[in-house]
Each structure stands twice: as structure tokens, then as C-alpha cells.
Protein chains: 2
Amino acid sequence: MISTKGRYALRVMVDLAEHRNGGYIPMKEVADRQQISLKYLERILPSLSRGGLVDGVHGKGGGYRLMRDPGDYTVWEILSLVEGDLAPVACLAGNAKPCSRAAECRTLPLWEKYYQLTKEYFAGITLSDLAGLAPADNYVI
Amino acid sequence: MISTKGRYALRVMVDLAEHRNGGYIPMKEVADRQQISLKYLERILPSLSRGGLVDGVHGKGGGYRLMRDPGDYTVWEILSLVEGDLAPVACLAGNAKPCSRAAECRTLPLWEKYYQLTKEYFAGITLSDLAGLAPADNYVI
DNA sequence: CTACCAACATACCATGCAGGTAGGTTAATG
DNA sequence: CATTAACCTACCTGCATGGTATGTTGGTAG
């Protein structure tokens, strides 16, 4: 199951896409609009920043800003960054030790296909799809 | 993510389908074949039994047995029974309190469609698909 | 009737993660 | 220098996972 961390991150990104004006948007605004605890948001945003999805600036007039066009962010990218591994079962996660029963496992192909399905679904949706913005809607500076 | 409980339950069901002979199969056999702790298996099977998926009999010569043809069990049915709710996010789970932001939530439709996709995928696969048995392969008594 | 087998039930425990809260530090602006 | 806002660290509570251990109940075989 996707945790609140992933869900909140997605909502913040959509919010930043909808309210973008070329400048920096303080998290307090987003927290108010989205009704999410500011402190909790502040714990999520650094990973988005380190991942190069947003750009954060300290101090007065500061805040966060998208670094690319909303149409260039996929949901898969955002969720992966925040949630880590989106594998449906432990044996498919990146840090999993190789399973000796893999070759004969009757259920492994089921999980693999489901993983693939999940990836394709989330990779096919961008921020502009969610924000209801046209893909050609360009960044205003 | 699907927990070991769900994964093990599925493997047990497939094992019971592959080795079914009309009689009862003791969990010790399954535990040995599947390399799963017997004690842990014994904690999973009562729910499968209560759910009417298998039939358990005490004592010597006892064990568990499928109650229907393998082709009549869907993966969705098995996982739902053992895992409870398979909703990808908390707001879609059955026990979730109604969210006041649902009407305006930009991300809700995304989760709903993913939930639907998951359901359709798992409901489209049966035990006989996994066990490699032909659907017409009938129960031998 | 007794030994044995196997399902079934219950209790306990260690670990990790979710979902926060609290407080302070650093960097930029006016 | 006061304010703003990102950023960092530590801590806390509750719950789920993945077991282990110790039985009890019900049925069969000898």
C-alpha cells in the first residue's frame, strides 16, 4: 500500500503545478491548501529536492518551485523517489536477497507481471494530467 | 505491498491444487515442499478454512483439501480473504472514514483506477493458471 | 483404551515502519 | 537585526510483520 508520504508528495507536486507562477511557493501555503501538517511536509520535501524534482530556497520570499514542465514529471518518478521501491512483494524489491526457489516458484511470474503493470500505469500519467493542465501550457517566468 | 501472509496462502493453495488426490493433505507435507515454517502455515490456514476455500480434518489421515475445482478460485479471492483490503491507499479501504476533500482531490481518480486495474488483473487469474493445470482437469475422487 | 497424529488455539516477543510532534539551525530578505 | 522559511535531528506512539512456544481438541490405528 502507498503510504501517506507518497500520497502527500504527489499532492504537493500537483499543488505546485497548479499554483506555479515562476516564483517560489512557501510550504505554509501548500500546507494550508492541502490541509497537511506543515512540519510533516517539511520532512517530505527534502527528498524531492535532493532528487532534483523541485528547487528550494531559504528565507523570505523563498519556498519551493518545480524545475521542469508539469508534463515532464511522471507519477512513477515521484512515487519511486519518495516511497523507495514499489515492488508488490518483498522478493521483487531491489534489496531482496536472491530466492533459491525462484526458478520453480509458481507465483513469481504473477508478481512480476503485476509489477510491470503497475509501472506502466504510473509511468503513463504526468503531473499535468492530474492538475488538469494542457501539456502545452508553458512555464511563465 | 502484499505481505508474506498473502504470498504464502497463495503458494499453499497452488500446492494443494498440484498435489490434490481427492484426500486430505497434511500441512507438514506442504511446509516441507514449500519451505515454509509449519507453525506459521498453521496460523494462516484457519482463515482459508473459515472462508470456505479449503476443508480441514483433524487427526491421522487428516489435513486440508480444496473444496472446488482449481479453475474456480481466483487470485483476487484468495488474497482478499487473507490480506483483508487490497486498496492501494488508506482512503479507499473499506474501513476508511469519508474524506471531506474527496470531491476536489486531484489524485483520488488515479488511485481509484489503479485499484480497479489491480482487481481486474488478480480476478482474471485462477489457481489452475498458476498450477499449470488445464481448466477441464477434473477432481479425482 | 492408549498412543499418536494433525488441526486448531492462544500467548508472547522482537523488529521495523508509519505517522507524526517538537525544537533548533541555517540562509536569505528588508 | 528582525523576520521568514527551508532544513535538520531527535523522539514518541501505535501497529503490523514474522515468527516461536506451548498447549488443547478431535480423530485414527493398533
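Counting restarts for each chain: residues are numbered from 1 in the order of the written sequence. Lettering for chains starts from A, numbering for ligands starts from 1, and both go in the order in which the items are written. Selection of residues for local features in this predicted model requires a pLDDT of at least 70, selection of side-chain atom pairs for listing and counting requires 80 or more, and totals for whole chains, interfaces and linings are taken over all residues.

Looking only at helices and strands, chain A has six helices and two strands in total. If you list the helices and strands of chain A from N to C, you get α-α-α-β-β-α-α-α. Judged by the C-alpha coordinates and their principal axes, chain A covers about 60 × 35 × 25 Å. Expressed as a percentage of its 141 residues, the buried residues of chain A come to 26%. Put simply, of all contacts in chain A between residues at least 6 apart along the chain, 65% involve residues at least 24 apart. Going along the chain from the N terminus, every DSSP run of H or I of four or more residues is numbered as a helix, and every run of E of two or more is numbered as a strand. Our exposure labels follow a C-beta count within 10 Å of each residue's own C-beta, placed from the backbone: buried means 20 or more other C-beta atoms, exposed means 12 or fewer, and partly exposed covers the counts in between. The contact criterion used is a C-beta to C-beta distance within 7 Å, with each C-beta placed from the backbone.

The subject of this paragraph is the protein's contact with DNA strand D. The C-beta atom of each residue is placed using the backbone, and any residue whose C-beta lies within 6 Å of a molecule or strand is treated as near it. As a matter of local geometry, DNA strand D sits amid 26 residues, with M27 and G56 of chain A together with S3, T4 and G59 of chain B nearest to it. Elements represented by at least two residues in the surface near DNA strand D include exactly helix 2 (27-34), helix 3 (38-50) and strand 2 (63-66) of chain A together with helix 1 (4-18) and helix 3 (38-50) of chain B. No other element matches helix 3 of chain A, which puts five residues into the surface near DNA strand D. Looking at the surface near DNA strand D residue by residue, the classes come out as seven nonpolar, twelve polar and seven charged. The nonpolar class holds Ala, Val, Leu, Ile, Met, Phe, Trp, Tyr, Cys and Pro. Asp, Glu, Lys and Arg form the charged class, and all remaining residues, Gly among them, are polar.

Before going further, it helps to examine the relation of the copies chain A and chain B. For the pair chain A and chain B, the relating rotation is 180°, the translation along its axis is 0.0 Å, and the fit reaches an RMSD of 0.0 Å. Those values place the two copies in the arrangement expected of a two-fold rotation axis. For chain A, the residue whose C-alpha comes nearest the rotation axis is M1 of chain A, separated from it by 2.6 Å. The share of interface residues of chain A whose copies in chain B are also at the interface is 100%, consistent with both copies meeting through the same surface. A least-squares fit on C-alpha atoms brings the copies together, and the residues used are those whose pLDDT is at least 70 in both copies.

It is worth spelling out the protein's contact with DNA strand C at this point. Of all residues adjacent to DNA strand C, which total 27 residues, the nearest are S3, T4, S37 and G59 of chain A together with G56 of chain B. Contributing elements (two or more residues each) for the surface near DNA strand C: helix 1 (4-18) and helix 3 of chain A together with helix 2 (27-34), helix 3 and strand 2 (63-66) of chain B. Looking at the surface near DNA strand C, its residues break down into seven nonpolar, twelve polar and eight charged.

Below, the discussion takes up unusual backbone geometry. Residue and element names in this part refer to chain A. With phi around 55°, Q35 is a residue other than glycine that occupies positive phi space. With respect to the helices, strands and loops of the structure, Q35 is situated in the loop between helix 2 and helix 3. Since 9 C-beta atoms lie within 10 Å of it, Q35 is described here as exposed.

A few words now on the pairing of strand 2 of chain B. All names here are of chain B. Here strand 1 (residues 54-57) pairs with strand 2 via four bridges, running antiparallel. Looking across to strand 2, one finds that G56 is bridged to Y64. Any two strands between which DSSP finds at least two bridges are classified as paired. Following strand 1, the chain reverses through five residues before pairing antiparallel with strand 2; G59 in that reversal takes a positive phi of roughly 75°.

Turning our eyes to something else, we now look at the interface of chain A and chain B. The figure often quoted for interface size is the accessible area lost as the parts come together. Contacts between the two partners involve 20 residues from chain A and, on the opposite side, 20 residues from chain B. Among the secondary structure elements, those contributing two or more residues to the side of chain A that touches chain B are helix 1, helix 5 (108-123) and helix 6 (127-131) of chain A. Across the side of chain A that touches chain B, the residue classes break down as 14 nonpolar, two polar and four charged.

As a further point, take helix 3 of chain B. A helix's residues, less one, multiplied by 1.5 Å, set its expected span. Taking 1.5 Å as the rise per residue, helix 3 of chain B with 13 residues should run 18 Å; its terminal C-alpha atoms sit 19 Å apart, in good agreement. Two residues or fewer past helix 3 of chain B, G52 of chain B is found with a positive phi of approximately 80°.

Here, axes are lines fitted to C-alpha atoms. For helices the fit covers the stretch in contact, and angles between N-to-C directions go from 0 to 180 degrees. Remark: helix 5 of chain A packs on helix 5 (residues 108-123) of chain B, axes separated minimally by 11 Å, with the N-to-C direction vectors making an angle of 155°. Between helix 5 of chain A and helix 5 of chain B, the interaxial angle falls into the category roughly antiparallel. In the crossing of helix 5 of chain A with helix 5 of chain B, the sense of the turn from one axis to the other is right-handed. Every residue of helix 5 of chain B that contacts helix 5 of chain A at Y114, L117 and Y121 of chain A is listed here: Y114, L117 and Y121 of chain B. Among the residues forming the contact of helix 5 of chain A with helix 5 of chain B, the class breakdown is six nonpolar, no polar and no charged. Orientation labels follow simple angle bins: below 35 degrees gives roughly parallel, above 145 gives roughly antiparallel, 65 to 115 gives roughly perpendicular, and whatever is left gives oblique. In this scheme the crossing of two helices becomes right-handed for a clockwise turn of the near helix relative to the far one and left-handed for an anticlockwise turn of less than a right angle.

Attention now goes to the confidence of the model for chain A. Residue and element names in this part refer to chain A. Predicted confidence across chain A gives a mean pLDDT of 90, with 94% of residues reaching 70 or more. Residue-level confidence of the predictor is what pLDDT reports, using numbers from 0 through 100. Per-element confidence in chain A is highest for strand 2, whose mean pLDDT is 96, and lowest for helix 3, whose mean pLDDT is 93. When the criterion is pLDDT under 50, residues 136-141 qualifies, and its contacts beyond four places in sequence or with other chains add up to seven contacts.

Residues and elements named next belong to chain B. Among all positions of helix 4 (residues 75-83), only V75, I78 and V82 are buried. Considered in projection along helix 4, the buried side chains sweep an arc of 70° and stay on one side of the axis. Directly beyond the C-terminal end of helix 4, a positive phi value near 90° is found at G84. Arc definition: directions from the helix axis to the C-beta atoms.

Okay, the environment of L86 of chain B next. Residues and elements named next belong to chain B. Of note, L86 is situated in the loop between helix 4 and helix 5. Residue classification places L86 among the partly exposed positions, given that 17 C-beta atoms sit within 10 Å. Not counting residues up to four positions away in its chain, the partners in contact with L86 are L79, S80 and T118.

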